[in-house]
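Structural overview for review
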Amino acid sequence: MKKIISVFISICIVATVFAGCTKDKTDEQADNLPITFDSHYANYDASAMSAYENLCNAVIKGEEEVKYNIRMLDSVNQLYYTGFPLNALVESIDIMPDSSGVKITYKNDIETHLELVAEFNARVNEILEACGYGSVNSSRFVFNVYDYIIKNFKVDNSVVNTYDVILQGKGIKSAVNSVFEYLVLCGGGKASHAVSYDNTPDMISLVNFNNDWYYFDPASEIENNSGKALKYFGMNDKRIAAYISGQLEYTDGMPVGTVTDDKYGKLENSSSYEAKNDEISVVLSNDEIIVLDLN
């Protein structure tokens, strides 16, 4: 019960602070839409991971039942609500009377649901292509996603979940940051929610970049300077402590480890940047120019 409550609270915090198709078309959606999960849960039991993937594929296809051992419900829910944006299209997931799995109830009729899935899939693929997925290295891809979001998304408290933010290009800060993580994960990178429950809840992104972990906050970049600088890119504990209070936790309540590397510390004083080919030139407030390392 304690685990279920923890999952529910985490879901609420992240959500509030923070698609007539043919069978062939539906199968194509299932093949093309990545099924991602918060990297903090990478070591989850293989059976739970498989059950989670089956649940996601069922939602993609508009299926109404998924069979799996419901003793894994807590783990599956943790993965589902932190890593699968299409949960926004689902009204409820209920344990079946015989406890052989779960029944899925959708917010729309199945035809409409499949259309919405297709629309979402197309938009995700469009963004991934714009960010160079498959044609740039992992570090440049992370930078490109950050760059894309701060230039094309807006902070707007009327939109509260990852699914809607991707389609509408605007949303609350936690959901904008969640989009950043989701796209990084879609590109094969590693990313996690990092949540602070102290005073005003905050959610920023912990992402593996250049083979080390750093904090990223594209939503604050948008809010602070309209995406013109990189003040919230590649942050360590010291930099985030300047504006986020409280211990950062993963969505299961486990504390986030220390992030001490200060390789990108000078970006705190950035005033503008320009991305040309393989070089990211950053202008600091004292007019010093540095080049961002993207190994």
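Note that the coordinates shown come from a computational prediction; the quantities given were computed from them, not determined experimentally.

Looking at the packing of helix α5 (residues 110-130) against helix α8 (residues 173-186)
Relative orientation of the contacting elements α5 and α8 amounts to 75 degrees, with a least axis distance of 11 Å. As far as their axial angle goes, α8 and α5 are roughly perpendicular. Here α5 contributes F120, V124, I127 and L128 to the contact with α8, which in turn contributes Y182, L183 and C186. Its residues placed into classes, the contact of α5 with α8 shows seven nonpolar, no polar and no charged.

Digging into the nonpolar core
Grouped together as the largest cluster of nonpolar side chains are 86 residues, with contacts concentrated most on L86, Y215 and L230. For L86, the residues in contact, after removing those within four places along its chain, are L33, V59, I60, V117, F120 and Y163.

So, the pattern of salt bridges
Tallied over the entire structure, the rule returns six salt bridges. Between E126 and R123 there is a salt bridge, and its shortest N-O distance comes to 3.2 Å. Here R123 and E126 lie together in helix α5, a separation of three residues that amounts to about one turn. With relative accessibility at 18%, the residue R123 sits in the buried group. In this structure, the salt-bridge partner of D147 is K151, at a minimum N-O distance of 2.9 Å. Here K151 and D147 lie together in helix α6 (residues 138-152), a separation of four residues that amounts to about one turn. Take K151: its relative accessible area is 49%, and that puts it in the partly exposed class.

The rules behind these values
Residues numbered from 1 in each chain as written. Predicted model: local features only at pLDDT ≥ 70, side-chain atom pairs only at ≥ 80, totals over all residues. Heavy atoms only, no water. Axes fitted to C-alpha atoms, helices over the stretch in contact; angles between N-to-C directions. Helix = DSSP H or I, 4+ residues; strand = E, 2+ residues; numbered from the N terminus. Parallel < 35°, antiparallel > 145°, perpendicular 65-115°, else oblique. Contact = heavy atoms within 4.5 Å. Nonpolar A, V, L, I, M, F, W, Y, C, P; charged D, E, K, R; others polar. Core = buried A, V, L, I, M, F, W, Y, C linked by side-chain atoms within 4.5 Å. Buried < 20%, exposed > 50% of the residue type's maximum accessible area, 1.4 Å probe, protein only. Salt bridge = Lys/Arg side-chain N within 4 Å of Asp/Glu carboxyl O.

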